[in-house]
Amino acid sequence: MYYIPTYIISLNPESERFKSTVAQFPKYKELFNVIPAIYGDKLTAKEYFEYILKSDHTNLITPAQVGASLSHMSALEMFLSTDADRALILEDDA
């Protein structure tokens, strides 16, 4: 059986939302890689502006969107450090 590495981004792996998502895949729950979500609203103003100044400046993005982007980048970096040729990245409310 071919296994696709699966990454689940979650602010709180103890939450009911996370547990509900994992419970949908009982055979694979031990194989999931949990990625700690970055809560954008907790970024300092300096951190926030360092990220948005790198954007194309056509649309203002919110701190939550910055946090989500950073969380997904973290999952992608973890995936790219493997030999796998594909991955599944989910948020805990999938």
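No experiment lies behind these values; they were computed from the predicted model shown.

Calculation criteria
- Residues numbered from 1 in each chain as written.
- Predicted model: local features only at pLDDT ≥ 70, side-chain atom pairs only at ≥ 80, totals over all residues.
- Heavy atoms only, no water.
- Phe/Tyr/Trp six-rings, centres within 6.5 Å; stacked < 30°, edge-to-face > 60°.
- pLDDT = per-residue confidence, 0-100.
- Helix = DSSP H or I, 4+ residues; strand = E, 2+ residues; numbered from the N terminus.
- Axes fitted to C-alpha atoms, helices over the stretch in contact; angles between N-to-C directions.
- Parallel < 35°, antiparallel > 145°, perpendicular 65-115°, else oblique.
- Contact = heavy atoms within 4.5 Å.
- Nonpolar A, V, L, I, M, F, W, Y, C, P; charged D, E, K, R; others polar.

Peer 1: When you look at the packing of aromatic side chains in this model, what are you seeing that I'm missing?
Peer 2: Given two aromatic rings, their pairing is described by the distance between the two centres and the angle made by the two planes. In this structure the tally under the stated criterion is 2 aromatic pairs. Judged by centre distance (5.1 Å) and plane angle (70°), the rings of Y48 and F49 are edge-to-face.

Peer 1: What is the right way to look at the confidence of the model for the protein in this model?
Peer 2: In low-pLDDT segments, the atomic positions of the prediction should not be examined closely. Mean pLDDT over the protein: 88, with 98% of residues reaching 70 or higher. Summarising per-element confidence for the protein, the mean pLDDT is lowest in helix α1 (residues 16–23) (86) and highest in helix α3 (residues 63–80) (94).

Peer 1: Quick question: what am I supposed to make of the packing of helix α2 (residues 45–52) against α3 here?
Peer 2: The relative placement of two packed helices is expressed as an angle between their axes plus a distance between the axes. Between α2 and α3, whose axes approach to 10 Å, the crossing angle comes to 70°. Judged on the interaxial angle alone, α3 and α2 are roughly perpendicular. Of the residues in α3, those in contact with Y48, Y51 and I52 of α2 are P63, V66 and L70. Per-class residue counts for the contact of α2 with α3 are 6 nonpolar, no polar and no charged.

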